[in-house]
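# Results of the structural survey
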Amino acid sequence: VTYTRPRLFNRLRGIREFLKVRTSYDVLPLSFRLVVLDNDLLIKKSLNILIQNGIVSAPLWDTRNSSFAGLLTSTDYINVIQYYCQYPDEIGNIDQFRLSSLRDIEKAIGVEPLETVSVHPMRPLYEACRRMLKTRARRIPLIDNDDETGREMVVSVITQYRILKFIAVNNEKYTMLLKKPLRELGLGTYTDLATATMNSSVLDVIHLMVKYNISAIPILDQDNKLLNVFEAVDVIPCIKGGAYDELSSPVGDALSRRSDDFAGIYTCSEDDRLDAIFDTIRKSRVHRLIVVDDDNHLRGIISLSDILKYVLLYGEEDDTV
Ligand code: ATP
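Now for a quick tour of the structure. (Residues numbered from 1 in each chain as written. Predicted model: local features only at pLDDT ≥ 70, side-chain atom pairs only at ≥ 80, totals over all residues. Heavy atoms only, no water.)

This part covers the overall build of the protein chain. Within the protein chain one finds 15 helices and eleven strands. Since a compact globule built from 321 residues should have a radius of gyration of about 20 Å, the 21 Å found for the protein chain is in line with a globular shape. Dimensions along the principal axes, computed over C-alpha positions, put the protein chain at roughly 70 × 60 × 35 Å. Burial statistics for the protein chain: of 321 residues in total, 46% are counted as buried. Taken as a whole, the protein chain presents about 16,700 Å² of accessible surface, with 46% of it coming from carbon and sulfur. When the 40 basic and 45 acidic side-chain charges of the protein chain are each reduced to a single mean position, those positions are 6 Å apart. (Helix = DSSP H or I, 4+ residues; strand = E, 2+ residues; numbered from the N terminus. Rg over C-alpha atoms; globule rule 2.2 N^0.38 Å. Buried < 20%, exposed > 50% of the residue type's maximum accessible area, 1.4 Å probe, protein only. Areas by Shrake-Rupley, 256 points an atom, 1.4 Å probe, with all protein chains shown as cover. Lys, Arg positive; Asp, Glu negative; His and termini not counted. Charge placed at Lys NZ, Arg CZ, Asp CG, Glu CD.)

Next comes the structure, spelled out in structure tokens:
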């Protein structure tokens with residue numbers, strides 16, 4: 001009996017081989033800007049710096065030890081909000097917290113500190129992907145050592161989106177052949193979806209994100225039609241002025257304060273095929289895709305990690321993350 005591997009699997013294998021012969025360094029553009037924040041900076045000030053630079057995350061630097069001190073992300077701000085909820089009397093002190101206190105905040109609210117994974121830029125990209133999936137990190141810092149001083153050096157940070165876009169741009173010969181519709185692939189989450197309405201408070205939505213360990217909550221109307229999506233990064237403008245008490249206001253108000261250059265929300269249907277999804281990734285900065293039916297009723301969510309996991313692990317004998 002001769003066994004022929006399914007064609008789909010071969011195409012995915014082509015992409016996996018590509019990821020094994022490219023490095024994280026290859027993903028970086030020719031020139032780029034990297035904002036690194038001093039670990040001694042006040043958390044309050046970090047919010048404004050992120051907003052002014054149009055970014056949602058930054059590596060932290062410990063100047064005393066000249067070393068990388070972790071990655072600041074929206075999860076850290078959500079932790080600060082949880083701290084405020086547990087210790088509302090501390091509001092006066094929250095203003096004085098520095099980025100270096102983030103680890104103490106994690107301890108105080110009882111969350112497991114996120115593992116700070118990093119990769120060397122010259123290691124295979126495949127390794128960075130596997131490590132991201134394993135730790136559920138959405139972005140991974142590239143850390144090198146300076147030849148002369150031997151000290152750590154933050155080269156850049158790569159996100160799941162940058163990797164998927166790199167795959168989409170360089171592997172069109174494979175991705176254009178991924179013609180199966182989402183319905184058949186089972187890609188994404190379709191049951192037990194965490195959702196909210198325009199009247200839910202920002203805090204309700206944040207608590208849902210924490211409970212489910214996810215970074216986006218679809219906002220629906222009373223007929224389960226999709227109106228918007230609240231993302232973890234949306235908390236940044238909410239707390240930039242230190243008005244933590246406003247977090248009990250409706251999420252609809254917070255969404256209306258989004259900046260004008262907000263990229264929008266990407267939807268797709270269960271009949272769309274994976275090649276079309278890769279087309280979208282090639283052309284636009286997608287954070288996730290919300291699956292809706294013809295009447296805009298919510299059906300499911302496809303996160304970038306779902307896509308990355310599929311590309312890396314589908315059909316492998318050992319498909320554990
Ligand atoms: P990002 O979307 O920021 O890249 P991620 O890829 O880790 O991050 P999450 O949004 O944290 O995505 O999703 C993790 C898992 O939870 C995925 O399998 C995704 O399909 C699922 N998921 C995402 N949002 C929801 C939701 N609102 N309800 C239920 N499950 C969700």
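Strands sit in the order E1-E2-E3 across an open sheet of three strands; the sheet is mixed. Each having just a single partner strand, strand E1 (37-38) and strand E3 (67-72) make up the two edges of the open sheet. Sheet topology places strand E2 (residues 58-62) next to E3; four bridges connect them, and they run antiparallel. Looking across to E3, one finds that Trp 61 is bridged to Phe 68. (Pairing = 2+ DSSP bridges.)

In this section: the sheet that holds strand E9 (residues 266-268). Taken in spatial order, the three strands line up as E9-E10-E11 in an open sheet, and their pairing is mixed. On the outer flanks of this sheet lie E9 and strand E11 (298-303), each paired with one strand and no other. Neighbouring strand axes in the sheet, compared pairwise and without regard to direction, differ in orientation by 30 degrees on average. Across three bridges, E9 lies against strand E10 (residues 288-292) in parallel orientation. Looking at E10, one finds that Thr 267 is bridged to Ile 290. Docked against the sheet, helix H15 (residues 304-313) engages E10 and E11, running at close to 65 degrees with respect to E11. (Axes fitted to C-alpha atoms, helices over the stretch in contact; angles between N-to-C directions. Contact = heavy atoms within 4.5 Å.)

The next point concerns the pairing of strand E7 (residues 216-220). E7 sits mainly inside the fold: five of its five residues count as buried. Burial of E7 is two-sided: the residues Ala 216, Pro 218 and Leu 220 facing one way and the residues Ile 217 and Ile 219 facing the other way are all buried. Pairing geometry for strand E6 (residues 196-197) and E7, over two bridges, is parallel. Across the sheet, residue Thr 197 finds its bridge partner in E7, namely Leu 220.

Right, let's talk about the side chain of Thr 175 for a bit. Positionally, Thr 175 belongs in helix H9 (residues 172-175). A polar side-chain atom of Thr 175 sits 3.3 Å from a polar atom in the side chain of Arg 282. The residues touching Thr 175, leaving out its near neighbours within four places in the chain, are Ile 15, Ile 167, Ala 168, Asp 275, Phe 278 and Arg 282. (Polar contact = N/O pair within 3.5 Å; in protein donor to acceptor, adjacent residues only side chain to side chain.)

Another aspect to go through is the state of the cysteines. Under the criterion given, the structure shown has zero disulfides. Distance from the sulfur of Cys 85, which forms no disulfide, to the nearest cysteine sulfur (Cys 238) is 13 Å. Taking the relative accessible area as the measure of exposure, Cys 85 reaches 29% and is therefore partly exposed. (Disulfide = S-S within 2.5 Å.)

On to a nonpolar patch on the surface. A cluster of nonpolar residues, Phe 32, Leu 34 and Val 36, forms a patch on the protein surface that exposes about 210 Å² of accessible area. Mapped onto the elements of the fold, Phe 32 is located in the loop between helix H2 (24-27) and E1. (Patch = residues over 30% accessible without salt bridge, like charges linked within 9 Å, V, L, I, M, F, W, Y side chains within 5 Å. Salt bridge = Lys/Arg side-chain N within 4 Å of Asp/Glu carboxyl O.)

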